[in-house]
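Overview (structure and organization)
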Amino acid sequence: MSYERSVSADPHEFSPETVWEVQMPAIRVGAGAAGELGYQLGQLGTTGDQRGLIVTDENLVSLGHVERIVDELDADGFDVDVFANTEREPSISAVEACIEFVREEMGDAGYDFYLGLGGGSCMDTAKATRAVVANEGELLDYVAAPTGAGEALTQSGAPLILLPTTAGTGSEISPVAILSVPEKNIKEGISSPHVRADAAVLDPTLTTTLPPDLTAKTAMDALGHAIEGYTTHRYDDLLRAEDPAERPVYAGRTGFTEMLSEKAIELLSSNVRRVVNNGDDIEARGAMLKGALFGAIAGLTAGASLAHAMAYPVGNNYHTYHGETIAALTPASTLGYNVASDPPRFEKVAKMLGADTTGMSTREAADEARKEFVSLQRDLNVLPSGLNELAGITADDVGELAESTVESQQRLLRCNPRPVTKEDVEEIFSDALHNWE
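Below, the structure is looked at part by part. (Residues numbered from 1 in each chain as written. Predicted model: local features only at pLDDT ≥ 70, side-chain atom pairs only at ≥ 80, totals over all residues. Heavy atoms only, no water.)

1. What about helix H6 (residues 212–231)?
Here H6 contains 20 residues, and its C-alpha end-to-end distance of 28 Å stays within 8% of the 28 Å for a straight helix at 1.5 Å per residue. Among the 20 residues that make up H6, 17 are buried, leaving the element largely enclosed by the rest of the structure. (Helix = DSSP H or I, 4+ residues; strand = E, 2+ residues; numbered from the N terminus. Expected span 1.5 Å × (residues − 1). Buried < 20%, exposed > 50% of the residue type's maximum accessible area, 1.4 Å probe, protein only.)

2. Details of the nonpolar core
Formed by 71 residues in total, the largest nonpolar core has its most connected members in Met220, Leu223, Leu387 and Phe429. With nine residues, the top contributor of residues to this core is helix H8 (residues 282–302). Leu223 has contacts with Ile265, Leu268, Phe373 and Leu376, leaving out every residue within four places of it along the chain. Ile99, Ala131, Leu139 and Ala197 belong to the second-largest nonpolar core, a separate cluster that totals 29 residues. (Core = buried A, V, L, I, M, F, W, Y, C linked by side-chain atoms within 4.5 Å. Contact = heavy atoms within 4.5 Å.)

3. A word on the environment of Ala226
Along the polypeptide, Ala226 turns up in helix H6. Look at Ala226 and you get buried, because its relative accessible area is 0%. Spatially, the C-alpha atoms of Ala226 and Gly150 are 29 Å apart, while their sequence positions differ by 76 residues. Excluding residues that lie within four positions of it along the chain, Ala226 makes contacts with Ser261, Ala264, Ile265 and Gly295.

4. Focus: the packing of aromatic side chains
Evaluation of the coordinates by the stated rule reveals four aromatic pairs. A centroid spacing of 5.5 Å and a plane angle of 85° characterise the contact between Phe78 and Phe113, whose relative ring orientation is edge-to-face. Residue Phe78 is found in the loop between helix H3 (65–75) and strand S4 (79–83), and its partner Phe113 is found in strand S5 (residues 113–118); the two are separated by 35 residues along the sequence. Residue Phe78 shares its accessibility class with Phe113, and that shared class is buried. (Phe/Tyr/Trp six-rings, centres within 6.5 Å; stacked < 30°, edge-to-face > 60°.)

5. A word on the sheet that holds strand S2 (residues 26–29)
Read from one edge to the other, the open sheet built from six strands follows the order S2-S9-S6-S5-S3-S4, with strand pairing classed as parallel. With one partner strand each, in any of the chains shown, S2 and S4 form the two edges of the open sheet. Within the sheet, the average angular offset between the axes of one strand and its neighbour, ignoring direction, is 20°. Note: S2 against strand S9 (residues 199–202), four bridges, orientation parallel. (Pairing = 2+ DSSP bridges. Axes fitted to C-alpha atoms, helices over the stretch in contact; angles between N-to-C directions.)

6. Focus on a negative patch on the surface
Where like charges cluster on the molecular surface, the negative patch consists of Glu67, Asp71, Asp74, Asp76 and Asp79. With three residues, the top contributor of residues to the negative patch is H3. Within the fold, Asp71 resides in helix H3. Residue Asp71 is classed as partly exposed on the basis of its relative accessible area of 44%. (Patch = residues over 30% accessible without salt bridge, like charges linked within 9 Å, V, L, I, M, F, W, Y side chains within 5 Å. Areas by Shrake-Rupley, 256 points an atom, 1.4 Å probe, with all protein chains shown as cover. Salt bridge = Lys/Arg side-chain N within 4 Å of Asp/Glu carboxyl O. Lys, Arg positive; Asp, Glu negative; His and termini not counted. Charge placed at Lys NZ, Arg CZ, Asp CG, Glu CD.)

7. Description of the pattern of salt bridges
Considering all chains together, one arrives at 25 salt bridges under this definition. Across the pair Arg130 and Asp198 runs a salt bridge, and its minimum N-O distance is 3.1 Å. Taken together, the residues Arg130 in helix H5 (residues 120–135) and Asp198 in the loop between strand S8 (186–191) and S9 connect sequence positions 68 residues apart. Here Arg130 falls in the buried class, since its relative accessible area comes to 1%. According to the relative accessible area criterion, Asp198 is partly exposed, its value standing at 30%.

8. A few points about the side chain of Thr330
Take Thr330: it is sitting in the loop between helix H10 (322–329) and helix H11 (343–352). Here Ile326 takes part through its backbone oxygen, which lies 2.8 Å from a polar atom of the side chain of Thr330. Sequence-distant contacts of Thr330, defined by excluding residues within four places in its chain, comprise Ala307, Leu335, Gly336 and Phe373. (Polar contact = N/O pair within 3.5 Å; in protein donor to acceptor, adjacent residues only side chain to side chain.)

9. Describing the pairing of strand S7 (residues 176–181)
Counting buried positions along S7 yields five of six residues, so the element is predominantly enclosed. One ladder, built from six bridges, connects S7 with S8; its direction is antiparallel. Bridged to Leu179 within S8 is Glu188. What sits between S7 and S8 in their antiparallel hairpin is a turn of four residues, with Asn185 showing a positive phi close to 55°.

The following block contains the structure:
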């Protein structure tokens, strides 16, 4: 017997969940943290006579970030190769090219350590490459069915350190590598604790070259993680899994994740204007990295929900940046449709975003969250006003997008605090066409 809209693990007991957990890499934060890579590799058991691989992209090579990291490692006696052919929204074939590079250079055993330097695409490529090399076989062996065989990973492999050059994706702490399948216009993933990196280095000096538009886009993704994680179901409102192994990755919010979400919303909303207008503001860049980290831990533990579920079909079909897609969808979804699920909680979100709710009812105050979020985007002046400006999406397109969302994103929709039907999602997509004129 089960409720057709159950958000709990399946199979489950008919008693509340009582256990929660948080898993994450070792995290090093601060300006100059990248200069301690040699020490950090030593902590992970790597010695100076071993050889590693930096997974990055050509843009970061041209900006000098790769040379800086190579020089840091060389000074500590580490020999490194560089793979700089990663793609934005990496396809399965692009990650296979990185795996082939590793095997051609080092054989089946692979490198002694790996570094992922860049945004989410570079970090996900590094994570998937390290995992597949360690477990042998081919990438599609471990990609989720039906695209791949969905085999379980059993080994983590050589040490992996991730160095984000953006503040937003959360890939540096995530146990998932997201891959695109262009021929099907879908994204798939490899999800396992063995995908998660061993360590993450959050050095704001690596983010100062990020241009204003990408700074804003990645910040909207980070805010999405924080707000969605703050407003999803409580973990103990879910039913307990019969087997701990069946407990979902997105397991509901806890007091711990709520604390991180609150700090993330504060840091991100109060610093994003500063970094968009002055990319050299190291203090604000550092605050953004910390906000993105806290939001990722919260959102990727408690659960991303409706906005992220709707974003994937848009990105797959229109090849938009993930962060700007979240920006376009959040007002109508998380801060629109979902407000009715818990107005007092969304009133708190409104206040954290800066709303003055004096004299308002709880429901009126909750609606201010959407207005503040849109006002923030308009101040940044580099984000689209909605899905129509983002990708030319019109009312004629919302039915197909809604169908794709409901059919392919149940993993995220189960985290949504308010049940949704295909008709609901159509209305939300329509609402998101224009967030302002």
